[in-house]
Amino acid sequence: MSHGQTRRQILKAAAGAAGLALAAPVERLFAQEAIVDRLADDLFIIRLPGEAAVVAHTTREGVVLVDGASAAASAALTKAVASLPGGAPIRTIFNTHWHVEQTGLNETLGTAGAQIVAHENTRLWLATDVTWPWNGKRFTRAPKIAQPNKTFYTTGELSAGVRYGYIPDAAHTDGDLYVHFPKQNVLAVGDAVYGEGWPVVDYTTGGWIGGIAGGLLRLQTLVDADTRIVPARGPVLTQADLKKQYEMYATIYDRLATLLNKGRGPGEAVAANPTKEFDARMGNPDEFVRRSFESLWGYLSPDA
Ligand SMILES: [Zn+2]
């Protein structure tokens, strides 16, 4: 990361280290450490082990969160938020999309009367059961209290000067949103942009490879050279990173679309090595390529 202004602090989310020596393995859960990246006096990234990043904005009216980690991390996340300077009750949470890695705190916060903001498509996915065909994984609908209670279609703004908007390209799902903090020049993007590794292409809920490229192009227009872009995974990115990523995904998209138009299948797409010059840096592409190719069926196939 090239940002000297990002001061990294370690906050213990644990109740205290004294009991740890005697603690049974299961109690070690409470010893989870949150790593907190400070983006501004009132804006932080909370990173819990194995969890997607959470952005926390402290205001006089309470804390605004972008995403809420998985349900298993709720206690650790709540503690980490409470220990932030100016940490106060969480009044608002954005769901950048419906995935369980982002929406685990919804039930707790919904029960506490917090505002849960999401694109209407995200609410619809959280209100229905979803099964992923590629691994058979099932997600049961969220209880009503855990569903977004403030949805939108295009853009919106909180009273705290926080702007948000829909990313209609369907980079990751068809409900992706960004949250823009203009004063701090920070853009939180959830999984619409990946900071490391090949992205998950969740075509079951609308995501596709064309949307990954399209979203990267769109998000570049919302930022400047100094904007810090916070993805759910990996380090903070810059506008230049988005540009580089766009070029890579646009290239892959073109190659896959060509293969589809020639009547090829997913196995042939993987065998064609459409990511070859990127693999050394990005890692094994096979699952990404297969899923990206399959994601074209819903968007480009004439008989879709
Ligand atoms: Zn996701």
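Refer to the structure presented above.
So, how was this worked out
Residues numbered from 1 in each chain as written. Predicted model: local features only at pLDDT ≥ 70, side-chain atom pairs only at ≥ 80, totals over all residues. Heavy atoms only, no water. Pairing = 2+ DSSP bridges. Helix = DSSP H or I, 4+ residues; strand = E, 2+ residues; numbered from the N terminus. Axes fitted to C-alpha atoms, helices over the stretch in contact; angles between N-to-C directions. Donors = N, O, S within 2.8 Å, 3.2 Å for Na, K, Ca; no water. Tetrahedral: all angles 85-135°; square planar, octahedral: opposite > 155°, others 65-115°. Buried < 20%, exposed > 50% of the residue type's maximum accessible area, 1.4 Å probe, protein only. Core = buried A, V, L, I, M, F, W, Y, C linked by side-chain atoms within 4.5 Å. Contact = heavy atoms within 4.5 Å. Salt bridge = Lys/Arg side-chain N within 4 Å of Asp/Glu carboxyl O. Parallel < 35°, antiparallel > 145°, perpendicular 65-115°, else oblique. Left-handed = near helix turned anticlockwise from the far one by under 90°. Nonpolar A, V, L, I, M, F, W, Y, C, P; charged D, E, K, R; others polar.

(A) Focus on the sheet that holds strand β13 (residues 177–181). With respect to topology, five strands assemble into an open sheet ordered β11-β12-β13-β14-β15, the strand pairing being mixed. Each edge of the open sheet carries a strand with a single partner, namely β11 (155–157) and β15 (228–231). Between one strand axis and the next, the sheet turns by 20° as a mean value, whatever way the strands run. The pairing of β11 with strand β12 (residues 163–166) spans three bridges and is classified as antiparallel. For Gly156, the partnering residue across the bridge sits in β12 and is Tyr164.

(B) Structural detail: the environment of Leu217. Looking at where Leu217 falls in the secondary structure, it is placed in helix α5 (residues 209–220). The spacing of Leu217 and Tyr246 is 29 residues in sequence and 6.4 Å in space, taken between C-alpha atoms.

(C) The coordination of the zinc ion, seen in detail. Here the zinc ion is held by His97 (NE2), His99 (ND1), His172 (NE2) and Asp191 (OD), and the distances to it run 2.1 to 2.3 Å. Taken together, the four donor atoms coordinating the zinc ion span angles of 91 to 170° at the metal, a pattern that classifies the geometry as irregular. Of the residues examined, His172 reaches a relative accessible area of 1% and is grouped as buried.

(D) Up close: the nonpolar core. Trp198, Leu219, Tyr249, Ile252, Leu256 and Phe288 are the most contacted members of the largest nonpolar core, which totals 35 residues. Contributions of two or more residues to this core are made by β14 (186–190), α5, α6 (239–261), α7 (266–271) and α9 (286–300). Residues in contact with Ile252, not counting those within four places in the same chain, are Trp198, Pro274, Thr275, Phe278 and Phe288.

(E) Here's a closer look at the pattern of salt bridges. The tally for this structure, following the rule as stated, stands at twelve salt bridges. Asp41 is paired through a salt bridge with Arg38; the nearest N and O atoms lie 2.1 Å apart. Look at Asp41 and you get exposed, because its relative accessible area is 59%. When salt bridges with common partners are traced through the structure, they connect Asp129, Arg138 and Arg141 into a single cluster.

(F) Focus on the packing of α5 against α6. Where α5 contacts α6, the axes come no closer than 9 Å and their chain directions differ by 155°. Accordingly, the angle class assigned to the pair α5 and α6 is roughly antiparallel. The way α5 lies across α6 gives a crossing that is left-handed. Of the residues in α6, those touching α5 at Ile209, Gly210, Ile212, Ala213, Leu216, Leu217, Leu219 and Gln220 are Gln239, Leu242, Lys243, Gln245, Tyr246, Tyr249, Ala250 and Tyr253. Residue composition of the contact of α5 with α6, grouped by class: eleven nonpolar, four polar and one charged.

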